[in-house]
Structure formats: structure tokens, C-alpha cells
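Structure at a glance
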2 protein chains.
Amino acid sequence: MIRLFVTDRLGSGAEIAPTPDQARYLTSVMRRGVGDELALFNGADGEWRARIGEVSKRGCTLSVEARLRAQETGPDLDLIVALVKRARLETIVEKAAELGARRVRLIVTRFTNADHARVERLRAIAVEAAEQTGRLDVPEIQPPLALDRLLDDWPAGRSLMFCDEAGEARPALEALAKAPADTRADAPWAVLIGPEGGFAADERARLRSLDHVTPVTLGPRILRADTAAISALSLWQAALGDWRRYGPTP
Amino acid sequence: MIRLFVTDRLGSGAEIAPTPDQARYLTSVMRRGVGDELALFNGADGEWRARIGEVSKRGCTLSVEARLRAQETGPDLDLIVALVKRARLETIVEKAAELGARRVRLIVTRFTNADHARVERLRAIAVEAAEQTGRLDVPEIQPPLALDRLLDDWPAGRSLMFCDEAGEARPALEALAKAPADTRADAPWAVLIGPEGGFAADERARLRSLDHVTPVTLGPRILRADTAAISALSLWQAALGDWRRYGPTP
């Protein structure tokens, strides 16, 4: 079933006007017509079954019928990632949505070549990936910020898994297993992935000096930024996130 | 330092003629010239420092000097992956090289749309990824085979982590932790990733009936094939492979 993210409130009997892009996707790309079903979510009201009402040249209408799933949100996990080349950054955002990150925070570090990103384009990628992966919210994309500023304003109570490519940290699963007990039960976390050139010595030193930081190593081979992001999010979800609990359904 | 994979034997004093593509990459793309250093590996003799000798219109020569690292090979891990769209399959091969798979075995399943792949192109991608990730071998790419044939001829002693998207298996880390003890110490394994449409009911039933198969679930969200492959290889390496041991160096 096609799933679309909308910004309207969802409830039985609501009539929704999808965006022109969504209407075109439904009727022209996917060839859906009057009476066909789809699912809608908005990040707040759960997932709802809807049906295509009128179709015109200007678009279509969607009639909301019944709730399919109650709203649920994954773990409070941020992916913090240095700006890397556009194609890889877009992959990272797509995968962060699939792997259940709640936010993607873009950062600029000493060895980052760029200082801006096409945030609106990344948001559109996050929406599309959320629609396809079946989640009921869309990861927030935050515009680029300097690493130092990010660390200056670090939110109290959020732990940070720092993927340290210098190979001087414990293996990731071992390090996460030794994280303080109160950070292992649904507490807020973030995963930090540096630029392709790695972190500068003073950036590493600052990160490693912070109490809320758990440095980890992702094996003996050099990983590209997109691979490192996917690996780290997967390990975090499996060790501390919602992959731990998700198993056989009755 | 630039790393190149060659098929020649490597030893002190050897003179190597790189392929035309490698010579062009060295001299035209990377602007290296006579006397510049690079590293060579061939999957058998370790990694060697070499230096560019002559440069001519027809190519260049490489003089092998000293061994930088002894030969080493990662865990005996196969990635078995159903044919998916070309771009995603190419990504999967690149990531399998980064994540230390020894072989990539392509399969055709009931819900696979294609029955052939550009194996030579995938081999070239594997070589390039191996060069960049720092490993001393290149994953072997095996041409497509029917899943049933693969299972008929399954090699004795190799365990299989079956990523079952139906959500009826244990969480991956829990399942791997419960795998028989004799399969957890450097024993041969494989990771199996299905096509985007999933496995057919009889394929799943056969897989789940086999003693050497460990079915696992990768969380509550739908993952694309490339994401599932990267996640599964990362979890396997972290739980049973060489990410377990790789930590602080003296």
C-alpha cells in the first residue's frame, strides 16, 4: 500500500488535499484512481487508511477513513554527521530514516570541505524514505552547525557514540555494553560520524574528554562516511535501540 | 598513500607493469610521477611499498621495494545477495568489500526480477573498494546461481545468517549470541539478503528448516536491500567477526 506523509491533522472523515507532487505521484506515476486506497501519516496521529476522492487536472482529494496504527516513535536517537559529498550525504539521510534516527544534525568540522547543504532537498529525501520504510514520523534535518558550537550547547542527558576512526577506542558493541546503565534504557543518544578526512587532533581530544561521550571503533578497515553511518546506527539500534525488542509477533 | 591491487607476485626488487587504467590513474588522474611512492597488494604476498620508475606514453613501471604489512585475511564470511537493481547491487559490492566479506555470491530467487549481472563490472568495483578500504585481498564475485541450487550444494560447516524480513525471527544480536558455540570462533559464515520483494513462502520455509541457518530480524522498519546488507554485515562483524577484536593499539 502506498504511504504518504502529510502535514494535515488526520481523523475519520477528514478530507485532505495532497501536494501537487503527491497528487501527480498517485495518479500519473502509480496510476491510482478514484476509490483506490492508500495510507497517510503525519508524525502525530498514527497511520490512517484513506481513499482517493475526486481526481481533476489540478490534483485530487483524499478521504480519511480509519486508523490503521496508533502513533509510535522510535528511540530518541540523533545522527550527527559532517558534511560530505552531496550524493553520500543524501544516502546518509535516506539510511538514517530507514534506521530509525529521529534527527539528522549536520556539522562542519576542521576537515570538512563544505559549509552548506541543500537542507530542503535532504528533507524531501527524509520524507520519501520515511514513507517507504513504514515509520510514522519523519526525521528532522537540522542545518549545518560548527562541531564546537554543537558541543558547547550539548543537551544534558544525551549520550554520544563517537565513531573514532583513529582506532584507539574499544570495539563498538563492547563499548556500548559498558556505557552507564542509566543510558541504556531508552535514554537519548546520538551517533557522531566525521568527514572523510577524519577529525583534527584537538577535535578528537575534546570529544574524548567529555563524560557523555563513548568512543567506539568500527573494525580494522577504513569505512566511507555513508558506510560508517549505516554501520553505527545499526549497531546502536541492535545494542540499545528498538532492534533489541523487535522479534516474533504472535 | 595510493594503494593498487595487482595480479603479479610481489617481492623486493620486482618490476611491475600496471594495467593501462592503473597507469592512467596514477599519472593523469593523481598526477604522480617518477620516484613517487605507492602501495601494492595482490591478495597473497602482503602490502609492499613501490615507486614509480619510468613513465612513458604507453604507461609506467613500478619498482617494488619493501614489505609494509604481512598478508592477512579477514573472517571467512560470504555475502549472499539476490540480484537487485544495478545501482543498489553495485553499492552492495562496494560495501561488502569495506565490511570485510571474503566473497559475494549472487543469487536468483522467486521474486528476483533479473537473472544476470555485470559480473566483470562488479569485480572492478570490488577491487577499487578493496584498494580504498585498506584490506589485503579482494572479495571474490561469484556469478548468479538459483537459491535452490545454492542450498542443494551448501558447503559443510558453513553457518548462514538469514535476514528474514517477515519479522518472525529473533533480533539479530540475540540470535547470533545463541548460535552454537563451535560456530562462534572463526568458523565460516554467510549472510543472506533477499530481493526487495522478499522471499517466497516455500523459500522461507526451506531456509528456516535447515540446521545451519540462523534466522534473524533487523528491526521493525522495512530496509532496502543495500541497507539490510550493510546492517547485517556490520552486526555479524561486531558480534562474531574481526570487529570484536579490533581495539586500541599499543
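Residues numbered from 1 in each chain as written. Chains lettered and ligands numbered in written order. Predicted model: local features only at pLDDT ≥ 70, side-chain atom pairs only at ≥ 80, totals over all residues.

Comments concerning the overall build of chain A
Across its full length, chain A holds 7 helices and 11 strands. Here chain A holds 250 residues, and the buried ones make up 41% of them. Intrachain contacts of chain A at a sequence separation of at least 6 include 76% that bridge at least 24 residues. (Helix = DSSP H or I, 4+ residues; strand = E, 2+ residues; numbered from the N terminus. Buried ≥ 20, exposed ≤ 12 C-beta atoms within 10 Å, placed from the backbone. Contact = placed C-beta atoms within 7 Å.)

Looking at the domain arrangement of chain A
Accessible area lost upon the coming together of the parts serves often as the stated size of an interface. All names here are of chain A. Its domain assignment divides chain A into domain 1 (3-69) and domain 2 (77-239). With 8 residues of domain 1 in contact, the opposing surface of domain 2 contributes 6 residues. Of the residues forming the side of domain 1 that touches domain 2, the biggest block, 3 residues, is contributed by strand E1 (residues 3-5). Of the residues that constitute the side of domain 1 that touches domain 2, the class distribution is 3 nonpolar, 2 polar and 3 charged. (Domains from an automatic or database assignment. Nonpolar A, V, L, I, M, F, W, Y, C, P; charged D, E, K, R; others polar.)

A look at the interface of chain B and chain A
Between chain B and chain A, the contact holds 36 residues from the first and 36 residues from the second. Elements with a contribution of two residues or more to the side of chain B that touches chain A: helix H2 (86-98), helix H3 (119-133), helix H5 (172-177) and helix H7 (225-239) of chain B. It is H7 of chain B that provides the largest number of residues to the side of chain B that touches chain A, a total of 8 residues. Taken together, the residues of the side of chain B that touches chain A sort by class into 14 nonpolar, 13 polar and 9 charged.

Side note on the relation of the copies chain B and chain A
Of the two same-sequence chains, chain B is brought onto chain A (RMSD 0.0 Å, axial shift 0.0 Å) by a rotation of 180°. Each copy turns onto its partner about a two-fold axis. Mapped onto chain A, 100% of the interface residues of chain B are again interface residues, and the two copies thus contact each other with one and the same surface. (Least-squares fit on C-alpha atoms with pLDDT ≥ 70 in both.)

Focus: the confidence of the model for chain A
Per-residue pLDDT for chain A has a mean of 95; in total, 98% of the residues score no lower than 70. Here the complex is predicted with pTM 0.96, and the ipTM for its interfaces comes to 0.95. (pLDDT = per-residue confidence, 0-100.)

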